[in-house]
Every structure is written in structure tokens, then in C-alpha cells.
Amino acid sequence: MLFSVHAFIFGLGIYRGRMIFISKEAAVIPSVIAIILLVATWILSFVHFKSAQAKESGRGFSYWDIVKRKFFRDKKGITGAIIVMIMVYMALFSPFLATDDPIEMNYSNSLAPPYLNHPLGTDNYGRDIFSRIVFGSRVALGIGAGATLFNMVFGGFLGLIAGFYKGITDSLVMRLLEIINSIPFLVLAILVVSVFGSSPLTLIVVLGIFGLYPARIIRSEVLSVREEEYISAAQAVGAGDFRVLFRHVLPNAMASLLVVTTMRIGVNIIIVAGLSFLGLGINPPTPSWGAMLQQAQEYIRIGWWMAIWPGLAIFLTVLGFNLLGDSFRDVLDPKLSKTSLQE
Amino acid sequence: MLSYTLRRLLQLVAVLFAVTVLLFMILKMAPGDPARIYAGMTASTETVEAIRRDLGLNKPWFIQYYRFISGFFTGNSMSMTYRTPVREIIMERAPASIELGAFALIITLIVSIPIGIISAVKRNSALDYGLTVLALAGVSMPVFWTALMMMIVAGIWLDILPVSGRGELVYGWSFLTLDGLRHMIIPGLALASVQIAMNVRLIRSSMLEVLQEDYITTARSKGLKESVVIIVHAFKNALMPVLTNLGIQLSRFLAGAVLTETVVAWPGLGRLIYESVTRRDQPLLFGLTLLMAIGFLLSYLVVDILYSFVDPRITYD
């Protein structure tokens, strides 16, 4: 049921996305969001399925059942989930929520303060800021989540093999991380984006490949998991490396993977906003929160509303992901509470 | 200890070498012809060719790479937009970044240490919960927006703080004058805001760990005052992770400075990075990024070595 609803939204998102965006490249974004939403739905149904299964078998509370109960009792997590949901649905339904065209300019109406017909005011080109923020959520979430997906695939894979094979593989991966970490991520992102350009798809891939931070956490998780007896048991039965990694190691590193993913989305959203703010990210006229803030800089004396709302949108979205991630950490695994908040 | 330090230094050199190769590769892939940029758009083809020969751009890549490296270490490489040695430009801009970073670091420590301790001592209380959420909020704020908001509220509406620039300078430093100090408040607070939030969480969790140790119980049962137990016995031992983070924090300040310095027109190294990217000034960009990497790796090493001094239980080898 949930699946078909999201599949419908998925199609709709692509369709409407094409119609509204000028650049063809940006049309990729709604589909990215829809894919992320699908993945989220799968995870949720997985949790639900597992806990239902446990109940049926009459073995009392399963791990996922406890997770679910704990999560619904955590105010932080619920608040975060609500914020994230609002933002995700805003991104998918932006053509229906926006009251105005986010791109077409109307000079006769420029820099109008917040008022009834323009609840958040208009910018220096006379465009409705509310509508631009609504559409900007596509860029933020689409690229943020898309880049995180790449982060997890690349970083997760590197972390897995480093922790599992140890020895030379491990030290190679660790050196690679050290090399990339020695340059602050934002500076690296600026460099790379200035070379490879800044279409949404390039941003996703570039941020995805260079943001290898998750590797470190996955590695340390795998290092502890691989010493467990069920791993040697699986190996003794004759399971190959591939099977052991994906059937036995990965599921047990799932908790930290989920926490890191959630928090990483927040980091990526801030990085994309920062790049756009410097004029190196999303190009105008495609509405993005970072670029809106860049534009607002020149008008802080006469149009404060241009600067407040996009930043508030970034702040709320990232806060939502951070609250959610923090709550996941508390709920999924008490061991994790020691890992630091960000890189 | 000495052999450990030497080994680490060797490793550092190897990593640095890889960083230079990575940087060089990225820069070589950049679109646009450096010679054309150097010559200007109106220059004739002959001039561009002459400049290409001059800059060694017609040579094979390993010679170009050698020129980049040797230029960096001898301080001879010339900026393409400023037409002066890279070293001079960096030296001129460095004080602005150093003082801003130091200022932000001081604010970070002053604010985060007491808050971190309080939320660890009153763990799981409403106060602790509130502070946790506040810390999460702090991490979620983009620095450039924080700076913009402070500029609007404190600089324009209340009109109590200057909005941009460095103010009055003495010997190239602005923290020596009152006007300069006032200019530092907005960028300093913006830079500190994220680090404060992260530090609070760090101090809280490391304090919580220490507070469960046996010697804390011993200290309490000896009849020591709670404040003495917490500050002398617990905090001193909870300081380690804070120290580790300090080195990383310094380099994070530089990264955050790219955005903050751009917003408030603070002429430091962060802004210089942004400028050199937009103007495609490759030698300058190479020098700046490499310097940053060296600073980061060195601070990591120094922190590791300091460790063994702070905590005699730690030995390497």
C-alpha cells in the first residue's frame, strides 16, 4: 500500500519536476528524492515486518520491537522525523505547494516585505520567496540525500573491506582517508566542484565520492563484529568472504550505518548550501537555499527577509536530520553514544 | 618516543606527497588555460605562447609538478593574479586568520567547558536534555547564515557592532585595538557556534565516562566537596578528548573561515582560498591548500605526542 503511494509520487515528482525546472539536469533531483523515500519506506516496513514476525512466533519482544517502542517514546526523534517528513513531502509536492512561479522575474514587485500575498516577501527580482524555498527543498534534499547514498556505498564498502581484511588493505584504506581528511572537506569540495562543474548530478557524485568519512566508523564497527564467534562459525561452515561480509557482518553494522547516514545527510546539505552560497554550487535561476542567501547578502540593509527564511529552512532541515540521527543512536545501540557528532 | 615520532614524521611526509599529487591532478584537470588567464583576455596568441613557455606549461607534467613543489618549498612560486610571490600574500593575510581562529577558539573553550560539565553532572535532567537539543541546533546552523543573522540583528537593527572588515589595525593585527576587537565579534561568534556545540557533546560524554570510575567514588567517600571532585578529579581526566579535538578544531576553523570570512569581508586565508578558486590562481591555491594540509597533519601529530605527556599511562611502540 505504502509502496504504491510512493511509486505514484515518484512518477509525479519526475513529471512535474521536468515541467518546472528550466535546466534538464535539475530534473534528476525529484527522482533522487523519490528513490530515497522508497528506501526509507523499505527500512520502515522491514522494522515493522521484523517486529510482527517476532510477535507471531511468540518469542516476546524482538530487538526491532524494542527499537520501535523506544523510538516512539523519544521526543527528539519524533520531532526530527516530523521535520524531515515535512521537508521530504514539501520537496515532492513543491509544484502544488508553491503559490508562485519560483523562476519568473517580476521587477515591479521586487523586495516586497512579507505580507498576505507573499507570506515571506519577495526577492530583488520580485520572485516570491516562499515558492523559491519550497522548490529549494528539492535541491537540498535531493543532492544531500543523493550524495549521502554515494558516501555510504563508497565509504561503507571501504570501511567493510578495511575492517574485514585488516593488514595491508586496512592500512591502504586508512592512508587514503588520511590523505582526503587532511584537506578540510569544504575546501576539497570547492576545489573539485570548480574543476568538474556543478550540475546537480556532478555535485551528487563528487560529494559522494570524496565524503569518505563513514568509512572510519564502519571500519571500527566491523573490526569488533568480525571477532564474534558467529563469524568464525560461518567461515567454518564454508561461507565465502562475500557471503560472510554481506550476510553476517553488514547486518550487524546496520545500526551505526543508519546513524551515520542520517547525520551525513545533514552535513551534505550544509556543504551544498555553502557551495551554492559561494556561487560554486547550484547555478541560478534554479532555486536553492544557499544561492538565495548569497543573493540576500547585498540586500541585508533593505531586505532582511531575503536572508532569514532560506537560512531558517537549511537550519530546520539539518536539525531534523540531526535530531533523528541522535535519536537513532540512542535507540539502536547504546554503544554508539560515544562517537562524536560530526567529523 | 623518539623513534615513534620519527616514524610518524616519515608517514606524514608520505601522506603529504600523496596530497600534493592529488592536488596537482585536480588542478591540471581544471578547465581554462592558465596562460590565457595570466595574459588576460585581450592578449595576442604570441603573448599567450610566450607566457606558456615562461610558466613552463609546455613542459611534461612531471616537470610542471616539480615546479609546483619546488616553488612551494622555496617560496618562489608566483601568484597569477597578484603577480607577487605566493609566500608574501599568505604572510600578509595570515594574521587576520590566526587572530580570528584564536579568538573563536577562546570563545569555544570558555562557553563549552562549563556547559559540558553541567550537562554531564546533571545528566538526564531537563536541563541536560535542553542543552543537548541546543547543541544539536548549534551544529545544524550553517555558519554563513549565523553570521548574516548577527550582521542584521546586531549590526543593522541594534547598530551596536560593525558589519564587515577588520577595523583599525596596529602592526597588522586588529585585536590590539578596541575597534578591531569589535569587528572580530561577529565572525568570531559565528565560527565558534558550531565548535561550541560539538565541544559540549564531547565534554559531556567524556565526563560521563570518567564520573563512573572508581576513583571518583573514592574521592567522594573521602568527604571531598562535590565541586572539588568534579573539577579536580573528574574534569582533569576528561580533558583528553577535548585536547584531541583541539587540533582538528583549528583546521575546521580554517575551513569554516572560507564561508565566514567571505560573508563579513574579513581579509584572511579562508577568503583568499575562495578568491584563488574563482580567479583560477593555481599556484596560490596549491600553496594555500598544501599549507592547510601540513597544518592539519602536524597538529594531529603534536596532539598525539602531547598525549603521552598529559597522560603517562599512554606509551607508544
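Quick caveat, the model's predicted, so the values are computed rather than measured. Counting of residues starts from 1 at the beginning of each chain's written sequence and follows it residue by residue. In the order they appear in the text, chains get letters beginning with A and ligands get numbers beginning with 1. In view of the model being predicted, local features appear only for residues whose pLDDT reaches at least 70, and side-chain atom pairs are presented and counted only at 80 or more, with totals across whole chains, interfaces and linings using the full set of residues. Based on all heavy atoms of the structure, the side-chain values leave hydrogens and waters out of the count.

1. Regarding the overall build of chain A
Assigned secondary structure in chain A consists of 15 helices and zero strands. With a 1.4 Å probe rolled over the protein chains alone, any residue whose accessible area is under 20% of its type maximum counts as buried; one over 50% counts as exposed, and the rest are partly exposed. Relative to its full complement of 343 residues, chain A shows a buried share of 57%. Whether two residues are in contact is decided by their heavy atoms, any of which lying within 4.5 Å being enough. Across chain A, contacts joining residues at least 24 apart in sequence account for 73% of those joining residues at least 6 apart. Residue burial considers only the protein chains on display, and all accessible areas are found by Shrake-Rupley using a 1.4 Å probe. In the form shown here, chain A has an accessible surface area of approximately 14900 Å², with 67% of it arising from carbon and sulfur atoms. Put simply, DSSP H or I for four residues or longer makes a helix, DSSP E for two residues or longer makes a strand, and each gets a number counted from the N terminus.

2. Here's the deal with the interface of chain B and chain A
By a widespread convention, an interface's size corresponds to the accessible area lost as its parts come together. The interface of chain B with chain A comprises 50 residues on the first partner and 46 residues on the second. Take a side-chain nitrogen of Lys or Arg and a carboxyl oxygen of Asp or Glu: if they are within 4 Å of each other, that pair is a salt bridge. Across the contact surface, chain B and chain A share one salt bridge. Residue arginine 201 of chain B is joined to aspartate 326 of chain A by a salt bridge in which the shortest nitrogen-to-oxygen separation is 2.9 Å. We call two N or O atoms a polar contact when they sit within 3.5 Å, provided that within protein one can donate a hydrogen and the other can accept it, with sequence-adjacent residues counted only if both atoms are side-chain atoms. Inspection of the chain B/chain A interface yields seven residue pairs in polar contact (both at pLDDT 80 or more). Contributions of two or more residues to the side of chain B that touches chain A are made by helix H1 (2-29), helix H6 (126-140), helix H7 (143-157), helix H8 (178-211), helix H10 (226-263), helix H11 (269-278) and helix H12 (282-310) of chain B.

3. What to know about the packing of helix H15 (residues 304-332) of chain A against H7 of chain B
Fitted lines through C-alpha atoms give the axes, limited to the stretch in contact for helices. The angle between two N-to-C directions lies from 0 to 180 degrees. Remark: H15 of chain A packs on H7 of chain B, axes separated minimally by 9 Å, with the N-to-C direction vectors making an angle of 145 degrees. Judged by the sense of rotation from one axis to the other, the crossing of H15 of chain A with H7 of chain B is left-handed. Contacts between H15 of chain A and H7 of chain B involve Trp304, Ala307, Ile308, Gly311, Leu312 and Phe315 of chain A from the first element and Trp145, Leu148, Met149, Ile152 and Trp157 of chain B from the second. Residues are grouped as follows: Ala, Val, Leu, Ile, Met, Phe, Trp, Tyr, Cys and Pro are nonpolar; Asp, Glu, Lys and Arg are charged; all remaining types, including Gly, are polar. Considering only residue class, the contact of H15 of chain A with H7 of chain B consists of ten nonpolar, one polar and no charged. Each helix crossing is assigned a hand: it is left-handed if the near helix lies turned anticlockwise from the far helix by less than a right angle, otherwise right-handed if that turn is clockwise.

4. Some thoughts on the side chain of serine 137 of chain A
On the secondary structure map, serine 137 of chain A appears in helix H6 (residues 129-165). Contact partners of serine 137 of chain A, with chain neighbours within four places excluded, come to Met87, Met90, Ala91, Gly142 and Trp289 of chain A.

5. Re the nonpolar core
Most often, soluble globular proteins have nonpolar side chains that are buried together. Residues and elements named next belong to chain A. Note on terminology: a nonpolar core comprises buried Ala, Val, Leu, Ile, Met, Phe, Trp, Tyr and Cys residues joined through side-chain atoms within 4.5 Å. Among the nonpolar cores identified, the biggest contains 157 residues, and Leu275 and Trp289 are the most heavily contacted of them. Element by element, the count of residues in this core is highest for H15, at 15 residues. Contact partners of leucine 275, with chain neighbours within four places excluded, come to Ala189, Ile190, Val193, Leu203, Leu207, Leu280 and Gly281. In terms of nonpolar packing, the next biggest core, distinct from the first, is built from 16 residues, Phe164, Ile217, Ile218 and Leu245 among them.

6. Remarks on unusual backbone geometry
Across residues other than glycine, the phi torsion is negative in most instances, and most of the peptide bonds are trans. Residue and element names in this part refer to chain A. The phi angle at lysine 166 is positive, at roughly 50 degrees, despite the residue not being glycine. Relative to the assigned elements, lysine 166 resides in the loop between H6 and helix H7 (167-181). According to the relative accessible area criterion, lysine 166 is partly exposed, its value standing at 31%.

7. Structural notes on H15 of chain A
Multiplying 1.5 Å by the helix residue count minus one yields the expected span of that helix. Its 29 residues give H15 of chain A an end-to-end C-alpha distance of 42 Å, which sits within 8% of 42 Å, the value for a rise of 1.5 Å per residue. Judged by how many residues are buried, H15 of chain A sits mostly within the fold: 24 of 29 residues are covered.

8. Remarks on helix H3 (residues 63-73) of chain A
Residues of H3 of chain A that are buried: Trp64, Asp65, Val67 and Phe71 of chain A. Down the axis of H3 of chain A, the sector holding all buried residues measures 160 degrees, keeping them to one side. Directions are taken from the helix axis to each C-beta atom, and the arc is the one they span.

9. With respect to a nonpolar patch on the surface
Residue and element names in this part refer to chain A. A patch consists of residues exposed above 30% relative accessible area that lack any salt bridge, with like charges linked at up to 9 Å and nonpolar side chains (Val, Leu, Ile, Met, Phe, Trp, Tyr) linked at up to 5 Å. Nonpolar side chains collect at one region of the surface, where Val153, Phe154, Leu201, Val205 and Ile209 lie side by side and expose about 390 Å² of accessible area between them. Broken down by element, the residue count for the nonpolar patch peaks at three residues, all from helix H9 (residues 200-210). Its place among the elements puts leucine 201 in helix H9. The exposure class of leucine 201 is partly exposed, given its relative accessible area of 46%.

10. Considerations on the confidence of the model for chain B
Considering every residue of chain B, the mean pLDDT works out to 83; 97% of them sit at 70 or more. The predictor reports its confidence for every residue as pLDDT, a score running from 0 up to 100. Mean pLDDT across the elements of chain B ranges from a minimum in helix H2 (residues 34-39) of chain B, with 73, to a maximum in H7 of chain B, with 90.

11. A closer look at the packing of H3 of chain A against helix H4 (residues 75-92) of chain A
Residues and elements named next belong to chain A. The geometry of H3 relative to H4 is characterised by a closest axis approach of 5 Å and an angle of 85 degrees between their N-to-C directions. By the angle between their axes, H3 is roughly perpendicular relative to H4. On H4, the residues that touch Phe71, Phe72 and Arg73 of H3 are Lys75, Gly77, Ile78 and Ala81. Taken together, the residues that form the contact of H3 with H4 break down as four nonpolar, one polar and two charged. Just so you know how the angles are binned, under 35 degrees is roughly parallel, over 145 roughly antiparallel, 65 to 115 roughly perpendicular, and the rest oblique.

12. Remarks on the packing of aromatic side chains
Pairs were defined over the aromatic rings of Phe, Tyr and Trp, the Trp ring being its six-membered one, requiring ring centres within 6.5 Å. Orientation was assigned from the angle between planes: stacked under 30 degrees, edge-to-face over 60, tilted for the rest. Going through the model one piece at a time under the given rule, you end up with 15 aromatic pairs over all chains. On the basis of an interplanar angle of 80 degrees and a centroid distance of 5.7 Å, the ring pair of tryptophan 304 of chain A and tryptophan 157 of chain B is categorised as edge-to-face. Of the two residues, tryptophan 304 of chain A is situated in helix H15 and tryptophan 157 of chain B in helix H7; the pairing between them involves two chains. The exposure class assigned to tryptophan 157 of chain B is partly exposed, which follows from its relative accessible area of 48%. Aromatic side chains phenylalanine 24 of chain B and phenylalanine 68 of chain B sit 5.5 Å apart centroid to centroid with 75 degrees between the ring planes, which places their arrangement in the edge-to-face category. Residue phenylalanine 24 of chain B is found in helix H1, and its partner phenylalanine 68 of chain B is found in helix H4 (residues 61-74); the two are separated by 44 residues along the sequence. Using a relative accessible area of 15% as the deciding quantity, one classes phenylalanine 68 of chain B as buried. Feature note: the residues Phe17, Phe24, Tyr65, Phe68 and Phe286 of chain B constitute an aromatic cluster, connected by ring pairs. Whether a charge sits over a ring comes down to the Lys NZ or Arg CZ being within 6 Å of the ring centre and within 35 degrees of the ring normal. In this arrangement the basic side chain of arginine 226 of chain A is found over the ring face of phenylalanine 164 of chain A, its NZ or CZ atom lying 5.3 Å from the centre. One Lys or Arg, arginine 264 of chain A, reaches over the ring of phenylalanine 185 of chain A and ends 5.3 Å from the middle of that ring.

13. Comments concerning the pattern of salt bridges
Scanning the entire structure with this criterion turns up 13 salt bridges over all chains. Put simply, aspartate 326 of chain A and arginine 329 of chain A hold a salt bridge, and the shortest N to O gap is 3.1 Å. Here the residue aspartate 326 of chain A and the residue arginine 329 of chain A both occupy positions in helix H15, the gap between them amounting to three residues, near one helical turn. The two residues aspartate 326 of chain A and arginine 329 of chain A agree in class, both being buried. The partner of glutamate 275 of chain B in a salt bridge is arginine 93 of chain B, and the shortest N-O contact between them spans 3.0 Å.

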